[in-house]
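The lines below spell out each chain.
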Amino acid sequence: MLSAGMVMLLRPRGLAWAAATAVSIFAFAIAIALTLTVLEVERQTYLMGSWAAPYGIELAVDAFSALLLLIVTGASSLALLVGYRSLDAEIETERQPFFYAAWLLALSGLAGILVTADAFNIFVFMEISSLAGYVLVAGGPDRRALTAVFKYLIMGTIGATFYLIGVGLIYLMTGTLNLADMEIRLQDVADIKPILVAAGFITIGLALKAAVFPLHIWLPNAYTFAPHMVTVFLAACATKVAIYVLLRFNFFVFQPNLAGHDLQFGYFLMPLAVLGILIASAVAMFESNLKRLLAWSSVAQIGYIILGASLVNLAGLSAGILHMFNHALAKGALFLTVACLGLSVARLDLNGIAGIGRQMPWTMTAFVLAGLSLIGIPGTAGFVSKWYLISAAAAHGALGIALVAVIVISSLMAVVYIWRVVQAAYFGTPQDTTTLPREAPSVLLIGVWVATLANFYFGLAPALPIELSGSAAALLLEHMP
Amino acid sequence: MIGFYAVVAKPNLVKKLVGLSLFQAAVFLLYITMGKVEGAMAPIFMAGIEDRLYSSPLPQVLILTAIVVGISTTALGLGIVIRIKEEYGTIEEHEIHEIDHP
């Protein structure tokens, strides 16, 4: 985080990018180290300023945080490492140091949310990452990004303020902000109206940030008009971190203390998840702008994650958390291919990419493969999480059958919208035959293929993510009465 | 709540931001009133007067942080509005929509 300030001062354009990338990779290395530690010890804590909890702010890393830390730092590192050309093309040279500084701030904000165990600290880091995120989204040349980010800012701030109201109410009732302590103190005051209201505010606030249907309105435009590498980073991370906070709050703090809360949680979120999945996938089918199509697909994927979480059992929760990881891989790869296309093609919609499969074979093949992971074809990471999700849902009897149907139907819809792109790319006729687009720069392609192949690696050897998400789900469920 | 209404209903972008600020200010008030202990004095520690009852300083600290966050957000929002004005020539929501979707 401190390096963000320094990066701003690095005027030469190559240097700012290099410094940002180095920091991001360093962060990724730390994330890997933390994951290895967490696999042995359940939870690692650190007291800031050595003030003992619950008076001081405590940092704690467990399986859930570690998994998401890997995603966040990994996505940031990959996007920065291979995105130099794409970012250079989209952002004015004088503003690049500021842009990279904002990127590092966003990364540190997201990482901060994941490692802290203090509710107010979460708010601070959440706003750091959000504000930096707004700057990142607005950094590109498309002026429609400005209105998109304005709407994102308004909705995001409302979400954060709702969260603040909720935390304030809880503080009023319990006198503590440390999550673990809150859980204990709430047992004395459980089930009073303010606690329920607080739970409501916190859930709504975080749902806004996570783009849960119907509070997802900011997402399609923000993803579409942001610089391509920013979309890679944000699509892989920002919403998932918000869901992380939502789950942690609900399970650690509320579940043990509010009678019947697990049912309320499920009843409230499940319909929203289902609607999000179906409606977002349907809209994606009719969308012709590539980025917006993938953005709507993201809303649907968030629906899957919430659906898994709303089942409130070990299988469902693990499926949802696993899907966070797998979706980050799939969408990250897809948006990376879009960045490649963005370098060579004038308009990123179905007409603009007509016939491009022949000129950019590496790029489009990666798109197809990552698309397969999104749909959930066996052998890919997407399949693993969808399988878990389906088996978790099927255990719920009649409702479960309906849920399985929803998942299958939406996967078919995913086939449709991925196919539309593939059809345009391979079977369309290019409209402008005078200037043929060239294949993307090799560095970018390497990144694309790393992400794409990761989908297959984790599809065929998913032991690590499964273990982490299983531990995470078990951790969350431990706190149920 | 008035702030919230302003955010949703007013088409002028600057008014939206003002509504947002109002909304946040209300939340800050909520926190600060929480911290007041009846009959207590302000939480400034003075040597020689240790055994007085103090209002809790924690909410005040939290609010300081939240105020800073709120100001940064408002500043960023206003910056975006300025850029929108430069690009579109207007800051009314429906007019911007007209320009983008003729």
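Because the structure is predicted, anything quoted here is derived from the model rather than measured.

Procedures and definitions
- Residues numbered from 1 in each chain as written.
- Chains lettered and ligands numbered in written order.
- Predicted model: local features only at pLDDT ≥ 70, side-chain atom pairs only at ≥ 80, totals over all residues.
- Helix = DSSP H or I, 4+ residues; strand = E, 2+ residues; numbered from the N terminus.
- Buried ≥ 20, exposed ≤ 12 C-beta atoms within 10 Å, placed from the backbone.
- Contact = placed C-beta atoms within 7 Å.
- Nonpolar A, V, L, I, M, F, W, Y, C, P; charged D, E, K, R; others polar.
- Core = buried A, V, L, I, M, F, W, Y, C linked by C-beta atoms within 7 Å.
- Axes fitted to C-alpha atoms, helices over the stretch in contact; angles between N-to-C directions.
- Parallel < 35°, antiparallel > 145°, perpendicular 65-115°, else oblique.
- Left-handed = near helix turned anticlockwise from the far one by under 90°.
- Expected span 1.5 Å × (residues − 1).
- pLDDT = per-residue confidence, 0-100.

As for the overall build of chain B
Part 1 of the reasoning: On a plain count of helices and strands, chain B comes out with four helices and zero strands.
Part 2 of the reasoning: Moving toward the C terminus, one meets the helices and strands of chain B in the order α-α-α-α.
Part 3 of the reasoning: By the burial criterion, 22% of the 102 residues in chain B qualify as buried.
Part 4 of the reasoning: Partitioning the contacts of chain B with sequence separation of at least 6, the portion at a separation of at least 24 is 41%.

Observations regarding the overall build of chain A
Part 1 of the reasoning: Helix and strand counts for chain A stand at 20 helices and two strands.
Part 2 of the reasoning: Within chain A, buried positions represent 62% of all 481 residues.
Part 3 of the reasoning: Within chain A, contacts between residues separated by at least 24 positions form 79% of all contacts whose residues are at least 6 apart in sequence.

Considerations on the interface of chain A and chain B
Part 1 of the reasoning: In this complex, chain A contributes 22 residues to the contact, which on the side of chain B involves 24 residues.
Part 2 of the reasoning: Mapped by element, the contributors of at least two residues to the side of chain A that touches chain B are helix H6 (119-137) and helix H7 (144-174) of chain A.
Part 3 of the reasoning: At 15 residues, H7(A) tops the list of elements feeding residues into the side of chain A that touches chain B.
Part 4 of the reasoning: Broken down by class, the residue content of the side of chain A that touches chain B amounts to 15 nonpolar, four polar and three charged.

Describing the nonpolar core
Residues and elements named next belong to chain A.
Part 1 of the reasoning: Within the largest apolar cluster, 188 residues are counted, with the highest numbers of intra-cluster contacts made by Leu67, Ile71, Val72, Val137, Val149, Cys237 and Val241.
Part 2 of the reasoning: With 19 residues, the single largest contributor to this core is H7.
Part 3 of the reasoning: Once you skip the residues sitting within four places of it in the chain, valine 137 turns out to touch Ala145, Ala148, Val149, Tyr152, Ala222, Ala226 and Val230.

So, the packing of helix H14 (residues 314-344) of chain A against helix H19 (residues 442-460) of chain A
All names here are of chain A.
Part 1 of the reasoning: Between H14 and H19, whose axes approach to 9 Å, the crossing angle comes to 155 degrees. In this view, H14 runs roughly antiparallel relative to H19, as classed from their interaxial angle. Relative to H19, H14 is oriented so that their crossing is left-handed. Contact residues: Asn326, Leu329, Ala330, Gly332, Ala333, Leu336, Thr337, Ala339 and Cys340 in H14; Leu444, Leu445, Gly447, Val448, Ala451, Thr452, Ala454, Asn455 and Phe458 in H19.
Part 2 of the reasoning: Counted by class, the contact of H14 with H19 contains twelve nonpolar, six polar and no charged residues.

Comments concerning the packing of helix H16 (residues 361-375) of chain A against H19(A)
Residues and elements named next belong to chain A.
Part 1 of the reasoning: Across the interface, H16 lies against H19 with an axial gap of 10 Å and an inter-helix angle of 30 degrees. Comparing their axes, H19 and H16 come out roughly parallel. Crossing angle aside, the handedness with which H16 passes H19 is left-handed. Where H16 abuts H19, its residues Trp362, Thr363, Ala366, Leu369, Ala370 and Ser373 lie against Leu445, Val448, Trp449, Thr452, Asn455 and Gly459.
Part 2 of the reasoning: Split by residue class, the contact of H16 with H19 holds seven nonpolar, five polar and no charged.

Brief notes about the environment of A:Gln423
Part 1 of the reasoning: Along the chain, the position of A:Gln423 falls in helix H18 (residues 398-427).
Part 2 of the reasoning: When the C-alpha atoms of A:Gln423 and A:Leu350 are compared, they prove to be 9.0 Å apart, with 73 residues separating the residues in sequence.

Some remarks on helix H17 (residues 381-394) of chain A
Part 1 of the reasoning: For H17(A), which comprises 14 residues, the first-to-last C-alpha distance of 20 Å matches the rise-based estimate of 20 Å (1.5 Å per residue) to within 8%.
Part 2 of the reasoning: With respect to burial, H17(A) is a largely interior element, ten of its 14 residues being buried.

Thoughts on the confidence of the model for chain A
If pLDDT is low for a region, its predicted coordinates should not be looked at in detail.
Residue and element names in this part refer to chain A.
Part 1 of the reasoning: This prediction gives chain A a mean pLDDT of 73; 75% of its residues lie at or above 70.
Part 2 of the reasoning: Ranking the elements of chain A by mean pLDDT puts helix H1 (residues 2-8) last, at 39, and H6 first, at 83.
Part 3 of the reasoning: Under a pLDDT of 50 for its full length, residues 1-14 has, in the predicted model, 26 contacts with residues more than four places off or in other chains.
Part 4 of the reasoning: When the criterion is pLDDT under 50, residues 49-54 qualifies, and its contacts beyond four places in sequence or with other chains add up to ten contacts.

Regarding H7(A)
Part 1 of the reasoning: With 31 residues, H7(A) should cover 45 Å at 1.5 Å per step; its first-to-last C-alpha distance of 45 Å lies within 8% of that length.
Part 2 of the reasoning: A large share of H7(A) lies buried, amounting to 27 of its 31 residues.

Section: the environment of A:Gly459
Residue and element names in this part refer to chain A.
Part 1 of the reasoning: Among the secondary structure elements, glycine 459 is positioned in helix H19.
Part 2 of the reasoning: Judged by C-beta crowding, with 23 C-beta atoms within 10 Å, glycine 459 ranks as buried.
Part 3 of the reasoning: Here the alpha-carbon distance between glycine 459 and valine 384, two residues 75 residues apart in the chain, equals 6.2 Å.

A word on the environment of A:His228
Residues and elements named next belong to chain A.
Part 1 of the reasoning: Along the chain, histidine 228 falls in helix H11 (residues 228-254).
Part 2 of the reasoning: Taking the C-alpha atoms as reference points, histidine 228 and alanine 102, 126 residues apart in sequence, are found 15 Å from one another.
Part 3 of the reasoning: With sequence-adjacent residues up to four places away left out, histidine 228 is seen in contact with Ser86, Phe335, Val338, Ala339 and Gly342.

Here's the deal with the confidence of the model for chain B
Part 1 of the reasoning: On average, residues of chain B score 67 in pLDDT, and 39% of them reach the 70 mark or higher.
Part 2 of the reasoning: Here the predicted complex carries an ipTM of 0.75, next to a pTM of 0.81.

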